[in-house]
Amino acid sequence: MSRTRVRPEDLFCARCHRAVRLGAAHWPEGYLCSACYDHALETYGQCVGCGVDRLTPGIAPDGGRWCTDCAGGLGEFHCERCGREARRYLLGVCGNCVLAERLEGLLDDGAGRVRPELVSFFDEVRSVPRPKATLTWVGKPHVQKILRALALGEVPLTHEGLSTLSPWRSVAHVRDLLMHTGVLPHRDRHLLLSNADCPNGSTPSRTSNTASS
């Protein structure tokens, strides 16, 4: 029996109707583009089918959200390390567990542990609800260099110490996170940027997001 060949130009996302590539996720409703797939596996709430509060990647006929059981045929998304339902990245492990492992290495103070002063920073970053962008961020060499310098005490864990690092956009983002998690005292970020982080005293028009910093 012959099979109908699927042509790339015939593939469209079942949710946003944009063209998708061969190899895209295929659920009972059809193919999903990478953006819709990511969004589906980052959506939590009460399932309109069973009423359980959990991952709800499916879409019911009335537009409500379905859990994987009620939607059927979506796949298995329980993390093999922590048990949480989420998109699995490496060997059945969710993005937050992968992120935690990478941060443990970057923030190691040389004694096989996260530097104690950075534990609150570590806990905040590893538990972000949408880890994909943060995984991209911590994978950037210049971000890794900043985090290693802080973890190893190569620069003082102070606003002045941060100001000796570069590039300024990534330093500014790390500084914001350190202030948010109580590692550093709060200071006016715009004044800090104009005085230290930005080259030639220029101040950016908006804050960079995690993925691009």
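Residues numbered from 1 in each chain as written. Predicted model: local features only at pLDDT ≥ 70, side-chain atom pairs only at ≥ 80, totals over all residues. Heavy atoms only, no water.

### Focus: the overall build of the protein
Scanning the protein from N- to C-terminus turns up nine helices and eight strands. Expressed as a percentage of the 213 residues in the protein, the buried residues total 42%. Residue pairs in contact within the protein that sit at least 24 positions apart in sequence constitute 42% of those at least 6 positions apart. Here the protein displays about 12,000 Å² of accessible surface, and carbon together with sulfur accounts for 52% of that area. (Helix = DSSP H or I, 4+ residues; strand = E, 2+ residues; numbered from the N terminus. Buried < 20%, exposed > 50% of the residue type's maximum accessible area, 1.4 Å probe, protein only. Contact = heavy atoms within 4.5 Å. Areas by Shrake-Rupley, 256 points an atom, 1.4 Å probe, with all protein chains shown as cover.)

### Considering the packing of aromatic side chains
Any pair of aromatic rings gets described here by the distance separating the centres and the angle formed by the planes. Per the stated rule, a full pass over the model turns up two aromatic pairs. On the basis of an interplanar angle of 55° and a centroid distance of 5.7 Å, the ring pair of tryptophan 27 and tyrosine 37 is categorised as tilted. A residue pair is termed long-range when its members are at least 10 positions apart, and tryptophan 27 in strand S1 (residues 25-27) and tyrosine 37 in helix H1 (residues 34-40) qualify at 10 residues. For tryptophan 27, a relative accessible area of 3% corresponds to the buried category. In this structure, arginine 87 packs its charged tip against the face of tyrosine 89, placed 5.0 Å from the ring centre. (Phe/Tyr/Trp six-rings, centres within 6.5 Å; stacked < 30°, edge-to-face > 60°. Lys NZ or Arg CZ within 6 Å of the ring centre and 35° of its normal.)

### Quick notes on the environment of serine 170
Inspection of the secondary structure puts serine 170 in helix H8 (residues 168-180). Placed 27 residues apart in sequence, serine 170 and valine 143 show a C-alpha to C-alpha distance of 6.5 Å. What serine 170 contacts, discounting residues up to four positions off in sequence, is His142, Val143, Ile146 and Ser213.

### Remarks on the nonpolar core
In terms of nonpolar packing, the biggest core is built from 36 residues, with Leu118, Leu150 and Leu178 touching the most fellow members. Counting residues per element, the ones that place at least two in this core are strand S8 (93-94), helix H3 (95-106), helix H4 (119-126), helix H5 (131-138), helix H6 (141-151) and H8. Apart from the residues lying within four places of it in its own chain, the contact partners of leucine 150 are Arg115, Leu118, Val155, Pro156, Leu157, Leu162, Leu165, Val174 and Leu178. Ranked by size, the runner-up nonpolar core spans 13 residues in total, among them Cys13, Val20, Cys33 and Tyr37. (Core = buried A, V, L, I, M, F, W, Y, C linked by side-chain atoms within 4.5 Å.)

### Here's the deal with the packing of H3 against H6
Where H3 contacts H6, the axes come no closer than 9 Å and their chain directions differ by 55°. In terms of orientation, H3 and H6 fall into the oblique class. Of H6, the residues touching H3 (which contributes Leu103, Gly105 and Leu106) are Gln144, Leu147, Arg148 and Ala151. (Axes fitted to C-alpha atoms, helices over the stretch in contact; angles between N-to-C directions. Parallel < 35°, antiparallel > 145°, perpendicular 65-115°, else oblique.)

### A short note on the packing of H4 against H8
One can describe the packing of H4 onto H8 by two numbers: an axis separation of 9 Å at closest approach and a directional angle of 105°. With respect to their mutual orientation, H4 and H8 come out roughly perpendicular. Counting all contacts with H4, which are made through Phe121, Glu124 and Val125, the residues of H8 involved are Val174, Leu177, Leu178 and His180.

### A few points about H3
Between its terminal C-alpha atoms H3 stretches 16 Å, which fits the 16 Å expected from 12 residues at 1.5 Å a residue. For H3, the set of buried residues is Gly95, Asn96, Cys97, Val98, Leu99, Ala100, Leu103 and Leu106. Structurally, H3 contributes buried residues whose contacts are with strand S7 (88-90), S8, H4, H5 and H6. (Expected span 1.5 Å × (residues − 1).)

### A look at the environment of histidine 159
Take histidine 159: it is sitting in helix H7 (residues 159-162). In sequence terms histidine 159 and histidine 186 are 27 residues apart; their C-alpha atoms lie 9.6 Å from each other. Among the polar contacts listed, one links the side chain of histidine 159 to the side chain of arginine 175, at a separation of 2.8 Å. (Polar contact = N/O pair within 3.5 Å; in protein donor to acceptor, adjacent residues only side chain to side chain.)

### Quick word on the confidence of the model for the protein
Residue-level pLDDT values for the protein average 89, and 86% of them are 70 or greater. The low-confidence segment residues 199-209, where pLDDT is below 50, has 15 contacts with residues more than four positions distant or belonging to other chains. (pLDDT = per-residue confidence, 0-100.)

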